[in-house]
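Listed here are the chains, written in short residue letters.
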Amino acid sequence: VQVQLSHRVVREQGRSIVLLGGQWRGVQVALPQPSGARQPNTLTTLHVAAADLMLLRTVGERHTVVGVLRPGLYGESVRAEGALFVDRIVSPRTTVGAGLSYGSAYGRLLPIPVVHVLSRVSRRVLVDALLPARGDVWWMPRRGLDLGVNASLAGAQYGLSTAQQVAGANQLWLANATVGPQARWSPGGGKWQVTADAGVTVLRRLEYARDGRSVTDLAPGNVPYARLGLQRLF
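Quick caveat: nothing in here was measured; it's all calculated off a predicted structure.

Definitions and cut-offs
- Residues numbered from 1 in each chain as written.
- Predicted model: local features only at pLDDT ≥ 70, side-chain atom pairs only at ≥ 80, totals over all residues.
- Heavy atoms only, no water.
- Patch = residues over 30% accessible without salt bridge, like charges linked within 9 Å, V, L, I, M, F, W, Y side chains within 5 Å.
- Areas by Shrake-Rupley, 256 points an atom, 1.4 Å probe, with all protein chains shown as cover.
- Salt bridge = Lys/Arg side-chain N within 4 Å of Asp/Glu carboxyl O.
- Lys, Arg positive; Asp, Glu negative; His and termini not counted.
- Charge placed at Lys NZ, Arg CZ, Asp CG, Glu CD.
- Helix = DSSP H or I, 4+ residues; strand = E, 2+ residues; numbered from the N terminus.
- Buried < 20%, exposed > 50% of the residue type's maximum accessible area, 1.4 Å probe, protein only.
- Core = buried A, V, L, I, M, F, W, Y, C linked by side-chain atoms within 4.5 Å.
- Contact = heavy atoms within 4.5 Å.
- Phe/Tyr/Trp six-rings, centres within 6.5 Å; stacked < 30°, edge-to-face > 60°.
- Lys NZ or Arg CZ within 6 Å of the ring centre and 35° of its normal.
- Pairing = 2+ DSSP bridges.

K.L.:
Could you give me a rundown of a positive patch on the surface, with the residues and numbers involved?
P.N.:
Taken together, Arg93, Arg120, Arg123 and Arg124 make up a surface patch of like positive charges. With respect to the element layout, Arg124 can be found in the loop between β7 (110-120) and β8 (125-131). Among the residues examined, Arg124 registers a relative accessible area of 31% and is labelled partly exposed.

Structure representation (structure tokens):
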């Protein structure tokens, strides 16, 4: 479950855009019991509650500097994650960028190079990707309706409380790689959008670790998924 809010602030005739917001995510996991225990696995909910701070600064005619900072609570750990990259307009229809992220969307807190691609391939086809975290291809058959395909990585490195620890682990590395179709619909062409997506996980990671070293790998199997959401555009 995820809830995300943001507010846009424009400064200096639009050369700088600041987004201020926050997000909350809740993930329910089954904590394994000690070997030989008769009781079922214990269900617990792990939380991410973080501020979302984003700065976009236009430099010259072709470049934009993008900075993202997400300080907050990741399970029982307090830390800041973020990214910094530079976009360049290479043609009227295509923008390409590169930079570095430091986060745990891949299930473990790591520095990862990122590549950003935003390209209007044709009047009705849009490619929007921030690799390796996500990639989207959209087809827009009519105003207010977008149909597409998504591939993405979603996860976090959670700090565990004493009651949640397994085999002495104080961290949980959790990530899912997913692929599937998606849709966005704006009733009446307004600012509200109904979003829907479905698909299957192609890779899953669920490991317990202590101070950055894996101690238990649960290797969960792949599963189908479906989601329904609502968002309001600026």
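K.L.:
Explain the nonpolar core to me, and be specific about the residues and the numbers.
P.N.:
With 14 residues, the main nonpolar core has Leu46, Tyr158, Leu172 and Tyr208 as its most contacted residues. When residues of this core are traced back to their parent elements, those giving at least two are β3 (42-59), β10 (145-159), β11 (171-185) and β12 (192-210). When residues of this core are assigned to their parent elements, the largest contribution, 3 residues, is made by β3. If near-sequence neighbours (up to four positions away) are discounted, Leu46 is found in contact with Arg25, Gly26, Val27, Val29, Tyr158, Leu160, Gln164 and Leu172.

K.L.:
An account of the packing of aromatic side chains is needed here, citing residue identities and associated values.
P.N.:
As enumerated under the stated definition, the model contains 0 aromatic pairs in all. If you follow Arg79 out to its NZ or CZ, it ends over the ring of Tyr74, 4.3 Å from the centre. Across the ring face of Trp138, the terminal group of Arg184 is positioned such that the distance to the ring centre comes to 3.8 Å.

K.L.:
Run through the pairing of β11, naming residues and quoting values.
P.N.:
Bridge count for β10 against β11 is 15 bridges, and the pairing is antiparallel. Bridge pairing links Gln157 to Trp173 in β11. Pairing of β11 with β12 involves 13 bridges; the strand directions are antiparallel. Among the inter-strand pairings, Arg184 is bridged to a residue of β12, identified as Thr195. Remark: 6 residues form the turn of the hairpin made by β11 and β12, two consecutive strands paired antiparallel; Gly188 in that turn has positive phi of roughly 70 degrees.

Keep in mind these values describe shape, not function.
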